[in-house]
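Spelled out, the chains give:
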Amino acid sequence: MAEKVSRKPYVREMTSEWIFRHPRYLRYMTREFSCLFIGGWTLLMVWGLAQLAEGPQAWSAFIECLKSPASIVFHLFALAFALYHSVTWLNLTPKALPVQIGEEFVPDAAIAGAHFAAWGVLTLAVLYLAGAF
Amino acid sequence: MGERTIELEVLRYNPETDSEPHFQRYSVTCREEWVVLDALNHIKETIDPTLSYRWSCHMAVCGSCGMMINKEPKLACKAFIRNYEGVIRVEPLAHFPIERDLVTVIDDFMDKLKRVRPYIIPKQVKAVADGEYLQTPAELNKFKQYSMCINCMLCYAACPEYGLIPKYVGPAAIALAHRYNQDSRDGGREQRQEEIAATEGAWECSFVGACSEVCPEHVDPAGAIQQVKIKSTVDWYTEHLMPWLKK
Amino acid sequence: MARSNKPIVWGPFAAGGTLTAFVTPVLILLTLLAGLGHAPDLLAFDRMHALAGHWLAKVAIAGTVFLSLWSAAHRLRITCYDLGVRADTLVATVVYAVALAGTGASVLYLSRI
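Residues numbered from 1 in each chain as written. Chains lettered and ligands numbered in written order. Predicted model: local features only at pLDDT ≥ 70, side-chain atom pairs only at ≥ 80, totals over all residues.

### Notes on the interface of chain B and chain C
Contact residues are listed per partner, giving 16 residues for chain B and 11 residues for chain C. Only helix H5 (160-164), helix H7 (189-196) and helix H9 (221-241) of chain B provide two or more residues apiece to the side of chain B that touches chain C. No other element matches H9(B), which puts 5 residues into the side of chain B that touches chain C. Classifying every residue of the side of chain B that touches chain C by side-chain character gives 7 nonpolar, 5 polar and 4 charged. (Contact = placed C-beta atoms within 7 Å. Helix = DSSP H or I, 4+ residues; strand = E, 2+ residues; numbered from the N terminus. Nonpolar A, V, L, I, M, F, W, Y, C, P; charged D, E, K, R; others polar.)

The structure is reproduced here in structure tokens:
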């Protein structure tokens, strides 16, 4: 008969080191950080709404603020992060919305592709209607 | 060619003598086609018989040999030596307490598996004499993918939310609940919702997606969890905004 | 274990995440163009004011602000937890409050247009 072994399980502490364990966790954190820029830009636009309500001078001042170097840099970061959010979000749509036709499921690429196509069309429509080109 | 001498750095922990784990290095001459499990078996057989680890089938179907290999959750029988350079670091599966060496305490997972009622709760009870349940290929495909889970727990090791929130029911258990919810023979979704639609259920998931990436059977627990979230949300709003609708 | 009321906060998060995925990049591009001196026609005061004057546009703008701020707030809450901040109730209160305040402010300003 074997002798009795005493147990003493060791619990490893969870630190923030997990973020660096694999590139996928860094990509996840990047995706999550997009919220700061999307939220920040939206708050900036709320301030713009206030200027719009004030009148033409306030609005012009707002547009002038948008031209500052700080604003341009912020916009470039915001655009990059917003795009990253869009790409990651749309790529995940097939996971959340599986479509079964007959026996088989519609391939992920088709579902995501349809979303990307709609995104492209919508983007162009907005740019056109806004008079950007 | 044919052989390669590699260095394996393995986390050791003896609960009777150690206060904390430490690494031990072994030099192993491996054949070209070896997996990490072969190297571990070689160590145990010829160098250090005290090394403890779980393994069984050696062909990625039993789910026993999950461990962290260079900080990535993998089945040791599916981690080919030829894909690694330099020192290979082998540690027990992350986010589980260490029992001894590479053996983890998996009681938490076993408990969660039970809680999600991973068995058919029939819509209509049928006596065996009344014959089989009939199911079309389309109905089978609705859940087949989620039935492929081998309970290897790599997904729990990959999931940072499970590491941060030990109460989280976790990817495999939720995917398994989803497997039964999707089965046309089953009528137990309401009971399983008590577990997987609770705060510690699907709601702790932040869709990192690591679980699906490391899953050796391509179960895609992340997808299952998102579908649970959406269904649970629709249920909640229906229930609260239109309570007159009978379920 | 009881079913969670998480859908209250998750529903708007999912809707907001989807909305921002579709429209935020192009909207940022519009204001970036303005910042670079090539403001699209729509951003002229008269046109913006006229657009925001329409009740339907006000509903759409307020809704967009709410969903955008809410989904950003929810994500920030999760991120704080991921980074080891344990005071979830406090973080949640702060982030959702900011989202609601921003929404309230936008409704206020829209009412003045």
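There's plenty left to go through after this.
### Topic: the domain arrangement of chain B
Residues and elements named next belong to chain B. Domain boundaries in chain B define domain 1 (3-104) and domain 2 (107-241). Its C-alpha centre places domain 1 at a distance of 30 Å from the equivalent point of domain 2. Across the contact, 13 residues belong to domain 1 and 12 residues belong to domain 2. Breaking the side of domain 1 that touches domain 2 down by element, the ones donating at least two residues are strand E3 (66-69) and strand E4 (72-75). Take the side of domain 1 that touches domain 2: its biggest share by element is 3 residues, from E4. (Domains from an automatic or database assignment.)

### Some details on the pairing of E3(B)
Regular strands have side chains that alternate between both faces of the sheet. All names here are of chain B. Neither face of E3 is open: one carries Gly 66 and Met 68, the other Met 67 and Ile 69, and all of them are buried. With antiparallel pairing between neighbouring strands as the criterion, E3 and E4 make up a hairpin whose turn holds 2 residues, including Asn 70 at a positive phi of roughly 50°. Taken together, the 3 bridges between E3 and strand E5 (residues 88-92) define a ladder with antiparallel strand orientation. Looking at E5, one finds that Met 68 is bridged to Glu 91. (Buried ≥ 20, exposed ≤ 12 C-beta atoms within 10 Å, placed from the backbone. Pairing = 2+ DSSP bridges.)

### A closer look at the interface of chain C and chain A
Taken together, the contacts link 44 residues of chain C with 39 residues of chain A. Every element with two or more residues in the side of chain C that touches chain A is listed here: helix H1 (7-35), helix H2 (45-53), helix H3 (55-82) and helix H4 (88-111) of chain C. Counting residues per element, the side of chain C that touches chain A draws most heavily on H1(C), at 16 residues.

### Looking at the environment of B:Arg82
All names here are of chain B. In this fold, Arg 82 is placed in the loop between E4 and E5. Overall, the presence of 12 C-beta atoms within 10 Å leaves Arg 82 in the exposed class. Taking the C-alpha atoms as reference points, Arg 82 and Glu 32, 50 residues apart in sequence, are found 6.5 Å from one another.

### Brief notes about helix H6 (residues 171-181) of chain B
Residues and elements named next belong to chain B. Counted residue by residue, H6 has 11 buried out of 11 residues, so it is predominantly covered. Those residues of H6 that fall on the buried side of the exposure criterion are Pro 171, Ala 172, Ala 173, Ile 174, Ala 175, Leu 176, Ala 177, His 178, Arg 179, Tyr 180 and Asn 181. If you follow the buried residues of H6, they end up packed against helix H2 (107-115), helix H4 (154-158), H7, helix H8 (210-214) and H9.

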